[in-house]
Each structure stands twice: as structure tokens, then as C-alpha cells.
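Remarks on the overall topology
Each chain, written out:
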Amino acid sequence: MAERPEFAIVGKGERKVDGRALVTGKPVFVADLRLPETLHVKILGSPKAHARIRSIDVSAAEAMDGVACILTHENTPPTRHTTAGQGFPEPSPYDARMFEDKVRFVGDRVAAVAAETEAIAEAALAAIRVDYEELEPVLSIDDALREGAPVIHDEPDSTGIYDASRNIVADVDIDVGDVEAGFDGSDAVVEVVCETQYAQHTPIETHVVLSYLDSEDRLILRTSTQVPFHVRRIVAQTLGIPIRDIRVIKPRVGGGFGTKQEVLLEDIVGLVTLRTGRPALISLTRKEEFTSARTRHPMRVRVKLGAGEDGVLRAIEMEAISNTGAYGAHGLTVLANTGSKTLPLYNKAPNAHFFGQAVYTTLPVPGAYRGYGATQGYFPLETAMDELAERLGIDPIELRRLNHIRLDETSPIFEKLGEGREGVEQTVKSCELERCLQVGAERIGWAEKRGKKHRDGSWVPGVGMSIMMQGSGIPLIDMAAATLKMNEDGSFNLLIGATDIGTGSDTILAQIAAEVLAVPLDKMLVTSSDTDFTPFDVGAYASSTTYVSGMAVQRAAEKIRDQIFEVAASALGVASSELSLANESVVGPDGKSLSLADVCQRAMYESDQFQIAATASCVPTESPPPFLANFAEVAVDTETGRIKVLHYVAAVDCGVAINPVLAEGQMEGAIVNGIGYALTEEMLISSRGRVRNPSLFDYKIPGMLDIPKLEVILVESYEPTGPMGAKSVGEIGINGPIPTIANAVYDAVGVRLRETPFTPERVLRAIRDGSTA
């Protein structure tokens, strides 16, 4: 493993560069900017799960005082596009329009009204008369795939759908070796089928966009987004205007988690502004966020494992059926990730098979959600590993040690399966998973507690564990760029397209630049996510920012360092190769030095004048995985079925943590998010396709009092291909709670849980039936 150098700024818990503004309530979010004559936009959502619009009458609404603009399928561009904020050409189908004469889920767009106030806009929505021809809904993946099922996307102009006539958005099928022969040659075989539910991201700040025209009549979109450059491209495509006529600004974001990797509202407010010449603001209500934004893909995933008596896997098979709802955004890539982020973990199996389909239903639309398919895949994979360990009489930790990928090893899955296409061949260059297992087991007290049941009244304790890997960006697809410019006082402007959505990326990217240039963090002036002024970046997704954007920043800073040395070499009369940086100065071999401020003054005003500045880019050729070992101690109430998580330990290898405090925070947030997904969070859908619990009162996310004793241990490795040795950490933590808690429940009460969330009703039923649930 490569040796880690000593760092001065990197590896330190520096304060977030935006922290003061956030905690003092500065106006840093989208809706904090108030412009005169702003119109308020509201959307009329479909009350039907599946219907054609025979006619729509907006005359009464248009006649109302204060109504400025109404949009429907009759007066908006018919361009097919995807709402998925992905790199071009997007791997998602072009199956959406701004508005259409067919609606495909309850909450689908029917019309939009822009008015002087929200109240007027809502009254105008109520005045719109729509005549629907109701069609048969499709409310499950089984319903969608049955013979003779209604065709949800029967329009002829949608493209990129695998088989619209059978409601199949995407189909993936890859083989390594011969799995049937592998199973035939195994001494123990286990097979597990698990199902995951509809879950919502619940960002505290819902989707919100403000649009207006600048002095040159260019469209400005100030939006809470993870993907400003993709927003610009997709809005230009949808509205049929040049990219040069759109500027996208991403201010602070009040939570994303994947749901803001979608272009949901920008086209509507943009068109309102273009038609009226006035600013327009749209902000989803919490109910609208539940019904009309995005969710996690519900999935049914089957895993089959075969192993010899020695515990070494001989075959592994995973089949995934994904519900992609009414539209196919992210359908293919989430499905592919269910296999690509999980199966390489157990590379000792010479035979592997992954196959699956993403299918349309007339239900809310899933999209990107932290974990992005891996979360759904690790549930059955890690519970199957637990069952296999029991079958073979091997400790669950030992079984994983026998089979997990290690340093300098590879997996054929890396090359066979990427995000919606073939992947790339790669070798693991940093891995401390073994140490993660050791540390995590010690912290939870595995040896002392596993299998040692003791009751406390109706409560029974148990411990469980799981391991996993993720990735760091999408190789040969993701691209990030960064620009650095030096100022006369020795400070630097860092311009980055990378999108800080609360993760702290502005801070850690500034730390990387400051490390290279040997300056304190406050000498970095960060400007991010403005398509007019910052260089391109794909945005905040795929756990890419630290690894991909970080490397772009490092390269730009190294170019700046070389320019600084050239100027200083002339001034000090030495070769640039003999110079070094320290304490905001350039230091020569004889100890003579020149301050960075003097260097910039010389470059700007005195000799061979030029601006010290540089831009650099990064397109990764591989995606180094972070690794995680999860351990949980739970207690199960055998009288009520309630699960209480008592202690959760996560030992993670994310390379060098650029900012350990922020890395721990990312892990803690992801784990708590995953605990909610495991135990309480579920969107309940009625028999007519309506979300029954679209509020934070009825949809239970964890509060502070619900958080167990939580330990995050950063087990450092050094990733030689990453900036300062770093890998990703943003997503991996959410994948652990479901299988870890499920395995702990089995240790406690001897029942296997197969369907999330693990509600008291499901657990109690399993206990009483002595079965799985």
C-alpha cells in the first residue's frame, strides 16, 4: 500500500467555510432572495393514477385577477427528455414532457399557474376543469409484468425504453463463469428474497427554484440542485433555447440525498419568466414533495449463494426487479448498481450472475437516492451471508474474511457491469476492511455477545454485522474541473463547479488546494456552482466529489505552485526545482524566502507580468471503493415486536479523510438515514395509487431521541489514485443498517426479516409464526 505523506491542512477538522453564514441565519438559500414583482407558481397534480386528459378548460382561471400565466400540454413545448440529472448522453429514457395529455401517477403534472400570490395561484388551480378518461392503474411490479398489463408508455416518440409494450424500462444480464455448475459443486446453498419499500428523501428544504431575467434578458435559475450544469443543459433542451441563454446558480442547499439530482421544476418557472418577463418562484409543499418529487426505488432482490465446506464461495447469483414508477429516470443505472456495487465485494466466487429489470408502474417516481441501488442489494446479500455462515457453522465475521476482496485484487464484475453500461477493469489499491472488521468487532463486544441470549423481561438482545463497499465516482464518465487565481495578498480564488449540498465539499476542496499551496484555509476564497463563472462539474452524485473534483483541484493547485516557483526563481536567482513552499512563502535552498504576496505583486506589476491562474480537469479511469464494517446491538420486545437499536458501530475505510469531522458527520447522517429506512420509513400507497401519509407527522424519520449510541471509526488507508490519498464516504454508510439490524434481530429472537421496514407488526408476526417476515 502506498505510504501516506504528512499533511498540514488535510486530515484536520477545519471549520466549514460556509459555517458562520449558516449558523447566523444569513440569506443563503434560494427563497431568501426576494425580487420585486415575483410571481408565485403552483402546480395542479393529477388525482388519477392513470388517465388521458380528454379536455382541459382554463378559461375561468385565466379570467381571475392576479393570474399572469397558465401552462398546460396545449401551450408548452412537446420535447421528450429525461428529468434525470445525468451526464450526456443520459442513460435514462426520454419519456417525459413538460406537460402531456396522459397522466401516469397521482401527482403527475396537469397544469401550472403563475399568479401574484400563492393564494391566487391555488384558487386558479381549483378553477381549472379537467375531463379525464380513467385508465386501468398498474400498482405493483407483478401487475406491470403480467400478460396483458396496461401499457404505461404507449406514446410513439419516447426513446431509450427497453420494451415499452411490456412496461420494461431496462434489462441487465451479465455472467461470470457458470453459476449452475458452481451451485452443483457447492456443499451448502442458501437463497434469500428481500423486498424494500417506497421511501422519501425528506430534505428539510423542499424543491425550490427562483427564475428571473438579467439585464441582457438571459434566463437566470437560482435553484436548490445537486447538478447545476445538467439543469442548464436539460432546461435548454426542454424549452428549445440555447444553453448560452441560461445561467444556473446553486446557493446553499437544505438537503439533497439524491432527490435534487433531478430537473423537476426549473423548466416550469423558466418558461413562466420567459413568457411574462417577471421573476417566478416555486417551492413545493411537504405534501407535494412526497407525492410529486422523487423516492427510492422499491425492489425485490433474490440472492443465491453456494459455498464449499471450507466456507469459500463457489457461486453467487443476484436477481433484482425494480419499480421505477411512472417514468424511467435513473431506472437502468440504479438497477445496474444493485449488482455492480455489491457483487465485487465477494470476489472469491469464480461464478457469478446478475440479472434484473426495471419496470414502469403508475406509482410515484423513484430517482437517485443515497446508496443508489447498493442499499437494496446489500439487504439480501448480507443476510444470505449470515444464513450461509450458520449453515456451515462458521462465525459470520470469519465467513466474510474468507471471501471479501483485498488489496491488489480485482473482480470481473468491475469490467462486466458499470452504471448502465460496461464498467472498467480495476484493481483495489487501498483496502483496510480487515482492520475495520477487527476494530468494529472489538467495539461492539462481538465475541462476548454473539449468541449469548439473556432476557430482560420481554426484551431480548442480539448483535449482528455486515460489510460492504461502494465506489468513488463513475470512471470514464464523470468529469470535474477547477480554476485557481492568485491575488496580491497571497490569497486565492478557488472556482469550482462541484456542488456543496451540505456535505462540506467547498471546505474539503479548499483544504486540498490550501495543502498544496501551504496556506491556511482562510486564504482560499471559494466560489462554487455558478454555470457562468465556475468551470464544469457533473455535480454532487455517485460519491464523486472528493475523489473526482478533489483531483481536479489538486491538479490546478499544482499548476499554480509551478507558476509561483517560476516567478520566485527569477527573484531569488535559483532554479525553480530547488524551491519549496512553507508558511505562505517560497523558500530557497539557502533559506532565503519570498512571501506569496510578494510573488503575486511581482507577477502582476513588476517583471514579466501575468496573472497566476490555472484550470485543471479530472476524468477518473477507475472508482476506488471505500469499505465499511457495520456492527449493531439491538433489543427486541417479544411482546410488541419493537426493535430498539442500542449501539451501532461503523468502521470505515475512506482513504485519507480530508476533514475527519466532516467525514464522520457524513457517516453519522447516512447511518441514521439508514436506520429510519430499516425501521420506520415507508410511503403508504392506497389501492388507487395515492400516497396516504404525505407528511412528516405520518411518515416517521428518526429524531434526535431515536438515535442510538453511534460510533464511527475512520480506519485510514491511502488511495494512491485519489487526491491526498482520499476516497469517497458520502453514500456507503446508508447501506449498512438494514442487513446489520436484520442479522442482529435473528441473533436475538431467531427470525429472519425479509421486508422493510421492520415494523413492530411484522416482527411480532414473525416471532409468533416462527417464520420470516
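All figures in this text were calculated on a predicted structure; none of them were measured in a lab.

Calculation criteria
- Residues numbered from 1 in each chain as written.
- Predicted model: local features only at pLDDT ≥ 70, side-chain atom pairs only at ≥ 80, totals over all residues.
- Heavy atoms only, no water.
- Buried < 20%, exposed > 50% of the residue type's maximum accessible area, 1.4 Å probe, protein only.
- Helix = DSSP H or I, 4+ residues; strand = E, 2+ residues; numbered from the N terminus.
- Arc of directions from axis to C-beta.
- Pairing = 2+ DSSP bridges.
- Right-handed = clockwise from strand over helix to strand, strands pointing away.
- Domains from an automatic or database assignment.
- Contact = heavy atoms within 4.5 Å.
- Buried area = accessible area lost by both parts, 1.4 Å probe.
- Salt bridge = Lys/Arg side-chain N within 4 Å of Asp/Glu carboxyl O.
- Axes fitted to C-alpha atoms, helices over the stretch in contact; angles between N-to-C directions.
- 1 Å grid on protein atoms, 1.4 Å probe; cavity = no way out; pocket = protein on both sides within 12 Å on 5 of 7 lines; lining within 4 Å.
- Points joined across faces, edges and corners; volume = space filled by probe spheres on them.
- Nonpolar A, V, L, I, M, F, W, Y, C, P; charged D, E, K, R; others polar.

Looking at helix α3 (residues 118-127)
The α-helix advances 3.6 residues per turn, and as a result positions three or four apart in sequence lie on the same side. If you check which residues of α3 are buried, you get Ala121, Ala124, Leu125 and Ala127. The buried residues of α3 all sit within an arc of 160 degrees when viewed along its axis, so they share a single face. Structural note: α3 exposes Ala119 and Ala126 on the side pointing more than 90 degrees away from its buried face.

Here's the deal with the pairing of strand β11 (residues 246-249)
With burial as the criterion, each face of β11 is covered, one bearing Ile246 and Val248 and the other bearing Arg247 and Ile249. As defined by bridge partners, strand β10 (residues 219-223) adjoins β11 across four bridges and the pair is classed as parallel. Residue pairing for β11: Arg222 is matched across the bridge by Ile249. The parallel pair β10 and β11, bridged by helix α6 (residues 228-239), forms a crossover whose chirality is right-handed.

Some remarks on the domain arrangement of the protein chain
Often, the extent of an interface is quoted as the loss of accessible area upon association of its parts. Annotation of the protein chain at the domain level lists domain 1 (19-27 + 479-618), domain 2 (33-135 + 204-255 + 260-292) and domain 3 (299-474 + 622-769). The gap between the C-alpha centroids of domain 2 and domain 3 is 36 Å. Facing 23 residues of domain 2, the contacting portion of domain 3 comprises 26 residues. Contact between domain 2 and domain 3 buries roughly 1,900 Å² in total, counting both sides, with carbon and sulfur atoms accounting for 62%. Where domain 2 packs against domain 3, one counts one salt bridge. Between Glu134 and Arg688 there is a salt bridge whose closest N-O contact spans 3.1 Å.

Topic: unusual backbone geometry
With an omega dihedral of -5 degrees, the bond running from Phe88 to Pro89 counts as a cis peptide bond. Relative to the assigned elements, Pro89 resides in the loop between β3 (67-71) and β4 (102-103). With an omega of -5 degrees, the peptide bond between Thr756 and Pro757 qualifies as cis. Position of Pro757 among the secondary structure elements: in the loop between α19 (737-749) and α20 (760-769). Although it is not a glycine, Thr202 sits at a positive phi angle of roughly 45 degrees. Its place among the elements puts Thr202 in the loop between β8 (188-196) and β9 (208-213). Notably, Glu584 is not glycine yet its phi reads approximately 60 degrees, a positive angle. Checked against the element boundaries, Glu584 lands in the loop between β20 (580-582) and β21 (585-587). Judged by its relative accessible area of 27%, Glu584 is partly exposed.

Side note on the sheet that holds strand β7 (residues 168-176)
In space, the five strands of this open sheet follow the order β7-β15-β14-β13-β8, with mixed pairing throughout. Two strands close off the open sheet at either side, each with one partner strand: β7 and β8. Strand-to-strand twist in this sheet, taken as the mean axis angle between neighbours without regard to direction, amounts to 5 degrees. Docked against the sheet, helix α9 (residues 331-340) engages β7, β13 (299-307), β14 (313-323) and β15 (351-359), running at close to 155 degrees with respect to β15.

Here we look at empty space enclosed by the protein
Considering all chains together, one arrives at two cavities of 30 Å³ or more under this definition. Of the volumes computed, that of the largest cavity is approximately 250 Å³. In terms of lining, the largest cavity is formed by 20 residues, of which the most central are Lys341, Leu417, Gly418, Pro475 and Ser623. Along the lines of polarity and charge, the residues of the lining of the largest cavity split into eight nonpolar, eight polar and four charged. Estimated volume of the second largest cavity: approximately 40 Å³. Its residues assigned to classes, the lining of the second largest cavity comprises two nonpolar, five polar and three charged.

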